[in-house]
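Listed below, chain by chain, are the residues.
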Amino acid sequence: MAQITATMVKELREKTDAPMMECKKALTEADGDMARAEEILRVKLGNKASKAAARVTAEGLIGLHIAGDSKVGAVIEVNCETDFVAKNDDFIAFVNDLARLVAEKNPADVAALSELPMGDGTVESTRAALVGKIGENMSVRRFERFETADQLASYVHGGRIGVLVDFAGAEEVGKDVAMHVAATKPKALNADGVPAEDIERERSVAEQKAAESGKPAEIVTKMVEGSVQKYLKEVTLLSQPFVKNDKQSVEQMLKEKSARVNRYALYVVGEGIEKRSEDFAAEVAAAAGNA
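In this report, we go over the structure that sits alongside the text. Nothing here was measured: the structure is a model prediction, and the numbers come from that model.

So, about the packing of aromatic side chains. Enumeration over the complete set of coordinates arrives at zero aromatic pairs. Above the ring of tyrosine 267, the side-chain terminus of arginine 142 is found at 4.1 Å from the ring centroid. Across from the ring centre of phenylalanine 146, 3.7 Å away, lies the NZ or CZ of arginine 263, which sits over that ring.

Next comes the structure, spelled out in structure tokens:
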């Protein structure tokens, strides 16, 4: 039996918002397996156990650039150590320049981008100089470049959420879709784009919940399928209720406006990055003990 530590319970609570004792019980049942414990909580507590899963703690900035003809654009994420640096004018200018470079030069990856000319040197030498000037590490994490025969729209929220949309239709529609994506954070344009492992995870949770209902097998099967379809409706852009009019879906809104969305990119600062948690009191106590 794995030892369940306070740190493990704290980590699970931060991921799920579930009560401490429920987290400890789930970890005990899962023999310390964090992913399994999270699944157990979702079965017991429903969606409440996953509402904090999207929290991100890494700092940085999202940069966006669209060329004047709205045919070429790019979105990029650059990370730093603190939100204070993310508000620094030099850092902001660096991120915006990188987004423009990606759009104009179409580098193959981050390594190729780092070698592009910038200022009196390269992107990498500029980054290194900025690190030396500001005194905080920073890194280019990822970027995406769109080139379309239609047009592009973008939206940035607080520098931490950035959306780039490839669409056909009125300019207003593109802006509305970009804002919708930033607000709802869909996983994919439609069901075809949702990762198979995500669907299977939802199916597994639904099966476990349905099994506890004690209903006949054929009813359980329908319950599971209904849960999966509900999930897909919630996480796919075209099926979601439109944020400016929840009486219609995004797909219905687009049809009404004679518009379409070809694809989109959604970047959230620090998404998927684990930031080292710091316990100041523990550090002081440890320092005192070593003194």
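Here the narrative resumes.
Turning to the sheet that holds strand E6 (residues 151-157), a few remarks are in order. Strands sit in the order E6-E7-E10 across an open sheet of three strands; the sheet is antiparallel. The two strands at the open ends of the sheet, each matched to only one other strand, are E6 and strand E10 (260-268). When the angles between neighbouring strand axes are averaged without regard to direction, this sheet yields 15°. Relative to E10, strand E7 (residues 161-168) runs antiparallel, the two sharing eight bridges. Each bridged residue has a counterpart across the sheet, and for glycine 162 the counterpart in E10 is tyrosine 267. Sheet strands in contact with helix H8 (residues 171-184) are E6, E7 and E10, and its direction is about 140° off that of E7.

It is worth spelling out the packing of helix H5 (residues 89-105) against helix H7 (residues 123-134) at this point. Where H5 contacts H7, the two axes come as close as 11 Å, and the packing angle between them is 170°. Between H5 and H7, the angle falls in the class roughly antiparallel. Of H7, the residues touching H5 (which contributes Asp90, Phe91, Phe94, Leu98 and Leu101) are Val123, Thr126, Arg127, Leu130, Lys133 and Ile134.

Attention now moves to helix H9 (residues 196-211). With 16 residues, H9 should reach 22 Å at 1.5 Å per residue; the first-to-last C-alpha distance of 22 Å fits that figure. Every buried residue of H9 is listed here: Asp198, Ile199, Glu202, Val205, Ala206 and Ala210. Looking straight down H9, one finds its buried side chains confined to an arc of 130°; they lie on one side. Away from its buried face, by an angle of more than 90 degrees, H9 presents the exposed residues Glu197 and Ala211.

With that settled, the discussion passes to the sheet that holds strand E2 (residues 72-80). The strand order across the open sheet formed by three strands is E1-E2-E5, and the pairing between neighbours is antiparallel. Only two strands of the sheet have a single neighbouring strand rather than two, namely strand E1 (59-66) and strand E5 (138-147). Here the average twist between neighbouring strands, direction ignored, is 15°. As paired elements, E2 and E5 share nine bridges and run antiparallel to each other. Opposite valine 75, over in E5, you have glutamate 144 as the bridge partner. Sheet contacts for H5: E1, E2 and E5; angle to E2, the most-contacted strand, approximately 145°.

The subject of this paragraph is the nonpolar core. Judged by nonpolar contacts, the single largest core of 25 residues is most densely connected at Ile76, Val78, Phe91, Leu98, Leu113 and Val123. A per-element tally of this core places H5 first, with eight residues. Excluding residues that lie within four positions of it along the chain, leucine 113 makes contacts with Ile76, Leu98, Leu101, Val102, Pro107, Val123, Val140 and Phe143.

What counts, and at which threshold
Residues numbered from 1 in each chain as written. Predicted model: local features only at pLDDT ≥ 70, side-chain atom pairs only at ≥ 80, totals over all residues. Heavy atoms only, no water. Phe/Tyr/Trp six-rings, centres within 6.5 Å; stacked < 30°, edge-to-face > 60°. Lys NZ or Arg CZ within 6 Å of the ring centre and 35° of its normal. Pairing = 2+ DSSP bridges. Helix = DSSP H or I, 4+ residues; strand = E, 2+ residues; numbered from the N terminus. Axes fitted to C-alpha atoms, helices over the stretch in contact; angles between N-to-C directions. Contact = heavy atoms within 4.5 Å. Parallel < 35°, antiparallel > 145°, perpendicular 65-115°, else oblique. Expected span 1.5 Å × (residues − 1). Buried < 20%, exposed > 50% of the residue type's maximum accessible area, 1.4 Å probe, protein only. Arc of directions from axis to C-beta. Core = buried A, V, L, I, M, F, W, Y, C linked by side-chain atoms within 4.5 Å.

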